[in-house]
Amino acid sequence: MQMNLDEKEILQQKYSDISRKLEAANSQLERANRKLKEYEEKAAKAEKASKMKSLFLANMSHEIRTPLNAIEGFSRVMVETDSQEERMKYMEIIESNNSRLLSLVNEILDLSRVESGEIVVKSSPTDLNYLMNSIKQLFKFRCPDTVTLTWDKSTLPATMNTDENRITQVFSNLISNALKHTPKGSINYGYKLLESTQEIEFHVKDTGSGIDPTFIEHIFDTYASKDAEQQRGFGLGLALCRIIVEKMGGSIKVDSELGKGSCFTFTLPFTGSVGGMAISNRSNNNMRTLRVSNQPDQKMMKTVLVAEDEESNYELVRIVLQKRYNLLRAHNGIEAVTMFEEEKPDLILMDIRMPEMDGLDATRIIKEVNSDVPIIALSAYAFPENIREAKAAGCNEFMAKPFKVEDLIEKINQFIGT
């Protein structure tokens, strides 16, 4: 039996209608599944948030009750004892727990303010060596005799545009945490400028109990993964550190080995001056002037003689220029003249005030031998007469300290390229 054309068209039409309905039904099913998944995720988040809230309250109850118990108990015992020596001992215990309780309350308040955005980061020029020393004084009477607190003094003294109080707060929390987990041993802290010169890294390292690898990924959570019964948890301090560091545009991490200790590091954008040189954290275009994308062949690199007696000033120049040029270092004017005659550098960075022979006399001698070698004077003395003296001695350019690293690179590039 042969199907006529009309019947065939009717069947095709019905098939098309059924296909469209099936596609529409599948589309609705997909939307329903997506919504169901969203609801399940929201429910899971809500359940997790509820558990975290309960755990947080349980931990807070534990953390508050522990010092309160000591304060109440030893207050009663102190009243009943007649020994002055014992009373002083009990008083010290009460004061210690009172400080612990006050610190906890302050952490809760700070955490609340930071999370709600009430705390504003206020930047100002901060001498980091002075700040590191003040942190040492802050913990002078808080370290037990069995723990040594050491400041790893940087070879490059830096002044940073940052919020001194917030950095102190982060260090205070990290060192307090280290003390909590280091009954005996050492704690080291300090900072170093990273090679890009756009970031600075701070650290607190201890030889304490270390962190269980299963917990390390939750270490900066707000009491998310510690049972209330565990008295040696990590508290609010680390969560507060993470929030503050992130609000300052940085990041924080920890490396730890159970039984051997931990090292907390936090990295922040750096704007300021190091060893007399100003460094600005500019846009990506300017950042590229500080970084070398492809390491050139060392044999093809030009040679720059740096005449600089201050170790910190030379160290910064070395960090900035070592991937662009072969560097030589002279500690005074006599060395600069000798090394110029022996090594024939392509350019000289000449500090003006140096021992043995100053930069001006060294420049005059060098220019008598070779008037074509470019010499850039670097000096903290930047009065008009100082600039005139440098130019008269033969310096091609004069840069006053502090100066921007980008400007130094650009100036060298004008004379000898990269």
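Residues numbered from 1 in each chain as written. Predicted model: local features only at pLDDT ≥ 70, side-chain atom pairs only at ≥ 80, totals over all residues. Heavy atoms only, no water.

**Student:** Got a minute to help me understand the overall build of the chain in this structure?
**Tutor:** Regarding its fold elements, the chain presents 11 helices and 14 strands. A fraction of 68% describes how many contacts in the chain between residues 6 or more apart in sequence connect residues 24 or more apart. As presented, the chain carries roughly 24,000 Å² of accessible surface, and 50% of it is formed by carbon and sulfur atoms. (Helix = DSSP H or I, 4+ residues; strand = E, 2+ residues; numbered from the N terminus. Contact = heavy atoms within 4.5 Å. Areas by Shrake-Rupley, 256 points an atom, 1.4 Å probe, with all protein chains shown as cover.)

**Student:** Would you take a moment to explain helix α7 (residues 311–321) for this structure?
**Tutor:** A turn of α-helix holds 3.6 residues, and therefore any two residues three or four places apart point the same way. Within α7, 9 of the 11 residues are buried, leaving the element largely enclosed by the surrounding structure. Turning to α7, its buried residues are Ser312, Asn313, Tyr314, Glu315, Leu316, Val317, Ile319, Val320 and Leu321. (Buried < 20%, exposed > 50% of the residue type's maximum accessible area, 1.4 Å probe, protein only.)

**Student:** Would you explain the sheet that holds strand β11 (residues 326–330) in this entry?
**Tutor:** Backbone-to-backbone hydrogen bonds join strands into a sheet, with any given pair of strands oriented parallel or antiparallel. Read from one edge to the other, the open sheet built from 5 strands follows the order β11-β10-β12-β13-β14, with strand pairing classed as parallel. Edge positions in the sheet fall to β11 and β14 (397–400), since each of these pairs with one other strand and no more. Neighbouring strand axes in the sheet, compared pairwise and without regard to direction, differ in orientation by 20 degrees on average. Both strand β10 (residues 303–307) and strand β12 (residues 347–351) contribute to a ladder of 4 bridges, which runs parallel. Residue pairing for β12: valine 304 is matched across the bridge by leucine 347. Contacts from helix α8 (residues 333–343) reach β10, β11 and β12, with the element oriented near 145 degrees to β11. Sitting on the sheet, helix α9 (residues 359–369) touches β12 and β13 (375–379), and the angle it makes with β12 is about 155 degrees. (Pairing = 2+ DSSP bridges. Axes fitted to C-alpha atoms, helices over the stretch in contact; angles between N-to-C directions.)

**Student:** It is not clear to me how the pattern of salt bridges should be interpreted in this structure. Could you clarify?
**Tutor:** Side-chain pairs of opposite charge can arise whenever the charged atoms involved come near each other. Scanning the entire structure with this criterion turns up 7 salt bridges. Between glutamate 397 and lysine 411 there is a salt bridge, with the nearest N and O atoms lying 3.9 Å from each other. Taken as a pair, glutamate 397 in strand β14 and lysine 411 in helix α11 (residues 405–416) lie far apart in primary sequence, 14 residues in all. Accessibility expressed as a relative area gives 23% for glutamate 397, which makes it partly exposed. (Salt bridge = Lys/Arg side-chain N within 4 Å of Asp/Glu carboxyl O.)

**Student:** Just checking my understanding: could you explain a positive patch on the surface for this structure?
**Tutor:** Taken together, the side chains of Arg31, Arg34, Lys35, Lys42 and Lys45 define a basic patch exposed on the protein surface. Within the secondary structure layout, lysine 42 lies in helix α1 (residues 5–80). (Patch = residues over 30% accessible without salt bridge, like charges linked within 9 Å, V, L, I, M, F, W, Y side chains within 5 Å. Lys, Arg positive; Asp, Glu negative; His and termini not counted. Charge placed at Lys NZ, Arg CZ, Asp CG, Glu CD.)

**Student:** When you look at the nonpolar core in this model, what are you seeing that I'm missing?
**Tutor:** Considering soluble globular proteins, one finds that nonpolar side chains tend to be buried as a cluster. Grouped together as the largest cluster of nonpolar side chains are 63 residues, with contacts concentrated most on Phe171, Phe202 and Leu349. Looking at this core element by element, the count peaks at 7 residues for helix α4 (residues 164–180). Apart from the residues within four sequence positions on either side, leucine 349 is in contact with Val304, Leu305, Val306, Ala307, Val317, Leu321, Ile376, Leu378, Leu408 and Ile412. Grouped together as the second largest cluster of nonpolar side chains are 23 residues, Leu305, Ala330, Met357 and Cys395 included. (Core = buried A, V, L, I, M, F, W, Y, C linked by side-chain atoms within 4.5 Å.)

**Student:** Looking at this model, I keep getting lost on the packing of aromatic side chains. Mind explaining?
**Tutor:** Think of a pair of aromatic rings as described by two things: how far the centres are apart, and how the planes are tilted against each other in angle. Enumeration over the complete set of coordinates arrives at 7 aromatic pairs. Ring geometry for phenylalanine 171 and phenylalanine 266: centres 5.5 Å apart, planes at 70 degrees, overall edge-to-face. Taken together, the positions of phenylalanine 171 in helix α4 and phenylalanine 266 in strand β7 (residues 261–269) put the pair 95 residues apart, joining distant regions of the chain. For phenylalanine 171, a relative accessible area of 0% gives the class buried. Taking 4.9 Å as the distance between ring centres and 15 degrees as the angle between the ring planes, the aromatic pair formed by phenylalanine 202 and phenylalanine 266 counts as stacked. One end of the pair, phenylalanine 202, is in strand β5 (residues 199–206); the other, phenylalanine 266, is in strand β7, and 64 residues separate them in sequence. A residue is classified by how much of its surface remains accessible, and phenylalanine 202, at 0% relative accessible area, is buried. (Phe/Tyr/Trp six-rings, centres within 6.5 Å; stacked < 30°, edge-to-face > 60°.)

**Student:** Could you clarify how one ought to interpret the sheet that holds strand β2 (residues 147–152) in this entry?
**Tutor:** One open sheet holds the 5 strands; their spatial order is β2-β4-β5-β7-β6, and the pairing between them is mixed. The open sheet has two edge strands with one neighbour each: β2 and β6 (251–257). Going across the sheet, the axis of each strand differs from the next one's by a mean of 10 degrees, ignoring polarity. Pairing analysis gives 7 bridges linking strand β4 (residues 185–193) to β5, with the strands arranged antiparallel. Residue pairing for β5: tyrosine 189 is matched across the bridge by valine 204.

**Student:** What exactly am I supposed to notice about the side chain of glutamate 315 here?
**Tutor:** Within the secondary structure layout, glutamate 315 lies in helix α7. Since its relative accessible area comes to 18%, glutamate 315 is described here as buried. A distance of 2.7 Å separates the side chain of glutamate 315 from the side chain of arginine 318, its partner in a polar contact. Excluding residues within four positions of it along the chain, glutamate 315 makes contact with Thr155 and Leu156. (Polar contact = N/O pair within 3.5 Å; in protein donor to acceptor, adjacent residues only side chain to side chain.)

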